[in-house]
Amino acid sequence: RFMRLPCRHIRAERGFTLLEIMVVVAIIAIMSTVVVVSLVGRVDEAKVSRATSDIQSLVSALQLYKMDNGHYPSTQQGLEALMTRPSGNPPAPNWKPYVSKLPTDPWNEPYQYLSPGQRGDFDVYSMGGDGKPGGEGAGADIGNW
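Keep in mind that what you see is a predicted model, and the values were worked out from it rather than measured.

S.K.: Would you explain the environment of G143 in this entry?
M.R.: You can see G143 is positioned in strand β3 (residues 142-143). Ignoring sequence-local partners within four residues, the contact set of G143 consists of I55, V124 and Y125.

Given below as structure tokens:
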């Protein structure tokens, strides 16, 4: 006599179908796009904010320079006069270091300086993301005016 074992239904394990995988990939792509688009605007805002902060620091250093020396550095002496004793005119009899390092703008360009400025005693500015005078949005000039 043979003993019968109970019949067990063997279910085949199924993997994911191609359609299911494509749906998941599409959802991930859509979510990634939304995240990237929302972050791009924030990066530009952060760069403008950093440039504004750098410019305010340079303005403060220039004001200290004027209090010590009676005038702002000339355009030719530039912002370097805040870091190393300037030569030429006007002289800086009471010069001292006002910054340890000159920052570059968030687009890795040096900040621009004019004295006298077009909008006041001096202008300190960045030409923004486009690197050209004027511009709009992230490419707009950012200055102490």
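S.K.: Help me understand the environment of Q63, please; the structure alone is not making it clear to me.
M.R.: Note on placement: Q63 falls in helix α1 (residues 18-69). Residue class for Q63 comes out partly exposed when judged on its relative accessible area of 41%.

S.K.: Explanation requested: the sheet that holds strand β1 (residues 112-114) in the structure shown.
M.R.: In a beta sheet, neighbouring strands pair by backbone hydrogen bonds and run either parallel or antiparallel. An order of β1-β2-β3 is seen for the three strands of this open sheet, with the pairing classed as antiparallel. The open sheet has two edge strands, β1 and β3, and neither has a second partner. The sheet contact formed by strand β2 (residues 123-126) and β3 spans two bridges and is antiparallel. Counted as the bridge partner of S126 is I142 from β3.

S.K.: How do you make sense of the side chain of D123 when you look at a structure like this?
M.R.: Of note, D123 is situated in strand β2. With a relative accessible area of 3%, D123 lands in the buried category. Those residues within four positions of D123 in sequence are excluded, and the remaining contacts are Q112, Y113, L114, G117, Q118, N144 and W145.

S.K.: I'm lost on the pattern of salt bridges in this one. Help?
M.R.: It is possible for side chains bearing opposite charge to pair when their charged atoms get close. Enumeration over the complete set of coordinates arrives at two salt bridges. Linking K96 and D68 is a salt bridge whose minimum nitrogen-to-oxygen distance equals 3.4 Å. Linking K96 in the loop between α1 and β1 with D68 in helix α1, this pair joins segments that are 28 residues apart in sequence. Classification of K96 by relative accessible area gives partly exposed; the value is 43%.

S.K.: Whenever I open this one, the environment of D54 confuses me. Can you help?
M.R.: Among the secondary structure elements, D54 is positioned in helix α1. Classification of D54 as buried rests on a relative accessible area of 15%. Sequence separation of D54 and Y125 is 71 residues, and the distance between their C-alpha atoms is 9.6 Å. When sequence neighbours within four positions are dropped, the list of residues in contact with D54 reads P103, T104 and Y111.

S.K.: Explanation requested: the packing of aromatic side chains in the structure shown.
M.R.: The geometry of two aromatic rings is summed up by the distance between their centres and the angle between their planes. Applying the stated criterion to the full structure yields five aromatic pairs. Taken together, Y65, W95 and Y98 form an aromatic cluster joined through their ring pairs.

S.K.: Can you help me understand the nonpolar core in this one?
M.R.: One recurring pattern in soluble globular proteins: nonpolar side chains tend to sit buried together. Formed by 22 residues in total, the largest nonpolar core has its most connected members in L62, L79, L82 and V124. Per-element accounting of this core gives the leading share, seven residues, to α1.

S.K.: Just to check I follow, could you spell out the pairing of β2 for this structure?
M.R.: Regular strands place their side chains on alternate faces of the sheet. Alternating positions in β2 separate into two faces, D123 and Y125 on one and V124 and S126 on the other, with burial throughout. As defined by bridge partners, β1 adjoins β2 across three bridges and the pair is classed as antiparallel. By the bridge assignment, L114 is partnered in β2 with D123.

What counts, and at which threshold
- Residues numbered from 1 in each chain as written.
- Predicted model: local features only at pLDDT ≥ 70, side-chain atom pairs only at ≥ 80, totals over all residues.
- Heavy atoms only, no water.
- Helix = DSSP H or I, 4+ residues; strand = E, 2+ residues; numbered from the N terminus.
- Contact = heavy atoms within 4.5 Å.
- Buried < 20%, exposed > 50% of the residue type's maximum accessible area, 1.4 Å probe, protein only.
- Pairing = 2+ DSSP bridges.
- Salt bridge = Lys/Arg side-chain N within 4 Å of Asp/Glu carboxyl O.
- Phe/Tyr/Trp six-rings, centres within 6.5 Å; stacked < 30°, edge-to-face > 60°.
- Core = buried A, V, L, I, M, F, W, Y, C linked by side-chain atoms within 4.5 Å.

No statement about biological role is implied by the geometric values presented.
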